[in-house]
Amino acid sequence: MSYPDIFIHSVGTALPGPAIDNQTLAKKFDTPSFTEEWIDTFVGTRQRHFAVDLDTGEVRYTLADLGVLAAQRALRAATLRGGDVDLVVMATSSPDDLMPATVNLIADRLGIDRVPTFQLQSGCTGAVQALDVAHHMLRCGRYSRALILGADSCAKHLDLSIDITTLAPEERINGMLFGDGAGALVLSTTPSPGAVAIRHVFVQLVGLNRPPGQIVKWLGLADRSAGGPVITEDYKAIEESVPVLAAEALGEMLETLGWQDTEIDYLLPPQLSGRMTARIIERLGVGSAKEISCVADTGNTGNALPFFQLERALPRMVAGDRALAIAIESSKWIKAGFVLEKV
Amino acid sequence: MSISNPARTGDVVTETLDGIIIENLTEETLRWESVGTHERGMQLGDGATVYNHIYDADDNVVGDTVAIVIATRINESDGHLITEYTEAINLLGGTLISHGTLDRNTMWNGEVERFDVIGTSGRFLGMKGIREWQLLPPYPPEDDNRVTVKITLSK
């Protein structure tokens, strides 16, 4: 059975401003071990944006605010309105509330109603998972136009009243790595000028018998005083495993399509940090493809990252160009990616 | 306008088994008419009509073009200005239309930009391909910077 092609019509993104550079961050956290130079060298991320005002601690943007802005930009670029989509899928690891799902608050503000909506609870591969779900639902013929969202915010984890010197090193480094942002795509079953076709979407859980590389706790009334860090990361496992899993994902996607790596024009690698992305690129060894990265400018925005990469990649693509994106989730280890071709 | 015969220089148009390569050309803007800020760097919302000449390696005029460029958005992640670009190209062998999205910031730093191109008349009629376009130094550009032009067409 053959399925129709699905096309990306537009991308929209949103970052809460202003950009926080390493100098500002080092000054804010005022610890001798995290100088501007140290962040530049060992994290490789030049700046990031936070939904929280670093001076006052005020949350200026909710995740829904960022999602609405990104979606409006994507819809506008496709000359559509919210009411024109018949499917919405969102991925996030940091919803504003557990209920109602943030996707439905975003839909409400966009004037979207009486359509199916889904919110996937996921880390760095969530955007690809959302794309996979929407891709399948559009291909089945029941829907014609989907809005895909990926967004994350550190707002709940940036407590400016905490003395950072009391935190463990791995907790402190999170403040250097992550940033807030949102992205959106409009997908359609019909092509339009400048659209790119989705050739393949790949999502695979590979966490069997493997301890989580990242844990983010959900605390409620009964366990809010349980103690211990809310976020824990096994950076050694992440550093070791992510480049390997990225290479596997690349190989598996190319094998499925019967393509050689030399046939890829643009490579959108995982975006953990500037330094990690450089290591991954080295491991992937796809020298013929142009790298499209954003993490040095945006910080690790989790589920929003692929949208920022697409924002940069799509304008460069001409007919026949192929782009391959890889995302690796280190929480319970998922490898994922997608392949695009401009038609 | 009259344009010289590209065949005279011998290195502008190359026939291949499956198409044509047009290369060793440069393009220079003769006239820039704009709405909005009128700045050559452009701001969001600006639009311009651009008139250009195309030269061969010996500086003979071998073609001319007219382009419409509109600054449609700014990337959130890097602040780059994104423009939509459509250009009609007139060469001795026929005409082409080139269309694409141009990152004005990368263009101003000398990156190779690529556009879709379709032959619309003459020997290029019905052929499709890619137009590569690179701003020559200095960067950032002054008013009279030329760009290199290469067009690869397939039958």
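The structure displayed is predicted, hence computed values, not measured ones. (Residues numbered from 1 in each chain as written. Chains lettered and ligands numbered in written order. Predicted model: local features only at pLDDT ≥ 70, side-chain atom pairs only at ≥ 80, totals over all residues. Heavy atoms only, no water.)

### Overview of the pairing of strand β14 (residues 334-342) of chain A
Residues and elements named next belong to chain A.
Phase 1 of the analysis: Counting buried residues along β14, 9 of its 9 residues qualify, which places the element largely inside the surrounding structure.
Phase 2 of the analysis: Alternating positions in β14 separate into two faces, I334, A336, F338, L340 and K342 on one and K335, G337, V339 and E341 on the other, with burial throughout.
Phase 3 of the analysis: As paired elements, strand β8 (residues 196-205) and β14 share 9 bridges and run antiparallel to each other. When the bridges of β14 are listed, Q204 appears paired with K335.
Phase 4 of the analysis: Sheet analysis places strand β13 (residues 322-329) next to β14, joined by 8 bridges and oriented antiparallel. Residue pairing for β14: A325 is matched across the bridge by F338.
Phase 5 of the analysis: The turn joining β13 and β14, which pair antiparallel and follow one another in sequence, is formed by 4 residues; a positive phi near 65° is taken by W333. (Buried < 20%, exposed > 50% of the residue type's maximum accessible area, 1.4 Å probe, protein only. Helix = DSSP H or I, 4+ residues; strand = E, 2+ residues; numbered from the N terminus. Pairing = 2+ DSSP bridges.)

### Re the packing of helix α3 (residues 63-77) of chain A against helix α4 (residues 102-110) of chain A
All names here are of chain A.
Phase 1 of the analysis: Two numbers describe how α3 lies on α4: the axes approach to 9 Å, and their chain directions differ by 50°. By the criterion of interaxial angle, the relationship of α3 to α4 is oblique. Considering how the two elements wind past one another, α3 and α4 form a crossing that is right-handed. Mapping the contact onto sequence places L63, A64, D65, G67, V68, A71, Q72 and L75 in α3 and T102, L105, I106, R109 and L110 in α4.
Phase 2 of the analysis: Across the contact of α3 with α4, the residue classes tally to 8 nonpolar, 3 polar and 2 charged. (Axes fitted to C-alpha atoms, helices over the stretch in contact; angles between N-to-C directions. Parallel < 35°, antiparallel > 145°, perpendicular 65-115°, else oblique. Left-handed = near helix turned anticlockwise from the far one by under 90°. Contact = heavy atoms within 4.5 Å. Nonpolar A, V, L, I, M, F, W, Y, C, P; charged D, E, K, R; others polar.)

### Regarding the sheet that holds strand β6 (residues 145-152) of chain A
Residue and element names in this part refer to chain A.
Phase 1 of the analysis: Across the sheet, which stays open at both edges, the 10 strands sit in the order β5-β4-β6-β7-β1-β8-β14-β13-β11-β12 with mixed pairing between neighbours. Two strands close off the open sheet at either side, each with one partner strand: β5 (117-121) and β12 (290-291).
Phase 2 of the analysis: Across the face of the sheet, α4 comes into contact with β4 (87-92), β5 and β6 while running at roughly 145° to β5.
Phase 3 of the analysis: Along the sheet, helix α7 (residues 235-257) makes contact with β8, β13 and β14, crossing β13 at roughly 140°.

### So, the packing of aromatic side chains
Phase 1 of the analysis: Counting across every chain of the model gives 4 aromatic pairs over all chains.
Phase 2 of the analysis: Between the aromatic rings of A:W38 and A:F42, the centroid separation amounts to 5.5 Å while the plane-to-plane angle is 35°, which identifies the pairing as tilted. Taken together, the residues A:W38 and A:F42, both in helix α2 (residues 36-42) and 4 residues apart, mark about one turn of the helix.
Phase 3 of the analysis: Judged by its relative accessible area of 45%, A:F42 falls in the partly exposed class.
Phase 4 of the analysis: The structure contains a cluster of three or more aromatic residues connected by ring pairs, namely B:Y85, B:F115 and B:W133.
Phase 5 of the analysis: Over the ring of A:W333 we find A:R210; its NZ or CZ atom is 5.3 Å from the centre of that ring.
Phase 6 of the analysis: Here the basic side chain of B:R146 rests over the ring of B:Y55, its NZ or CZ set 3.8 Å away from the ring centre. (Phe/Tyr/Trp six-rings, centres within 6.5 Å; stacked < 30°, edge-to-face > 60°. Lys NZ or Arg CZ within 6 Å of the ring centre and 35° of its normal.)

### Regarding the domain arrangement of chain A
All names here are of chain A.
Phase 1 of the analysis: Along its sequence, chain A is organised into domain 1 (7-188) and domain 2 (196-342).
Phase 2 of the analysis: Distance from the C-alpha centre of domain 1 to the C-alpha centre of domain 2: 16 Å.
Phase 3 of the analysis: Facing the 50 residues of domain 1 at the interface are 42 residues of domain 2.
Phase 4 of the analysis: Looking only at domain 1, the three residues that lose the most surface to domain 2 are I8, C124 and V128, adding up to 16% of its buried area.
Phase 5 of the analysis: Remark: the boundary between domain 1 and domain 2 carries 1 salt bridge.
Phase 6 of the analysis: Linking R46 and D297 is a salt bridge whose minimum nitrogen-to-oxygen distance equals 2.7 Å. (Domains from an automatic or database assignment. Buried area = accessible area lost by both parts, 1.4 Å probe. Salt bridge = Lys/Arg side-chain N within 4 Å of Asp/Glu carboxyl O.)

### Some thoughts on the side chain of A:R312
Phase 1 of the analysis: Assignment of secondary structure puts A:R312 in helix α10 (residues 305-313).
Phase 2 of the analysis: Residue A:R312 is classed as buried on the basis of its relative accessible area of 11%.
Phase 3 of the analysis: A polar atom in the side chain of A:R312 sits 3.3 Å from the side chain of B:D78.
Phase 4 of the analysis: Aside from chain neighbours lying at most four places away, what touches A:R312 is A:I292, A:S293, A:C294, A:D297, B:N75, B:S77 and B:D78. (Polar contact = N/O pair within 3.5 Å; in protein donor to acceptor, adjacent residues only side chain to side chain.)

### Side note on the pattern of salt bridges
Phase 1 of the analysis: As enumerated under the stated definition, the model contains 22 salt bridges over all chains in all.
Phase 2 of the analysis: Where A:D321 meets B:R114, a salt bridge forms, and the shortest distance between an N and an O atom there is 2.6 Å. Taken together, the positions of A:D321 in the loop between α10 and β13 and B:R114 in strand β7 (residues 113-119) put the pair across two chains. Accessibility classification places A:D321 together with B:R114 in one group, the buried group.
Phase 3 of the analysis: Of the charged contacts in the structure, one is a salt bridge between B:R146 and B:D59, with a shortest N-O distance of 2.7 Å. Placement of the pair is B:R146 in strand β9 (residues 146-154) and B:D59 in the loop between β3 (47-55) and β4 (61-74), with a sequence separation of 87 residues.

### Re α4(A)
Residues and elements named next belong to chain A.
Phase 1 of the analysis: Taken together, the buried positions of α4 are T102, V103, I106, A107 and L110. Down the axis of α4, the buried set is contained in an arc of 140°. They therefore lie on one face.
Phase 2 of the analysis: Buried residues along α4 sit in contact with α3, β4, β5 and β6.
Phase 3 of the analysis: Where α4 terminates, the next one or two residues include G111, which has phi positive at roughly 80°. (Arc of directions from axis to C-beta.)

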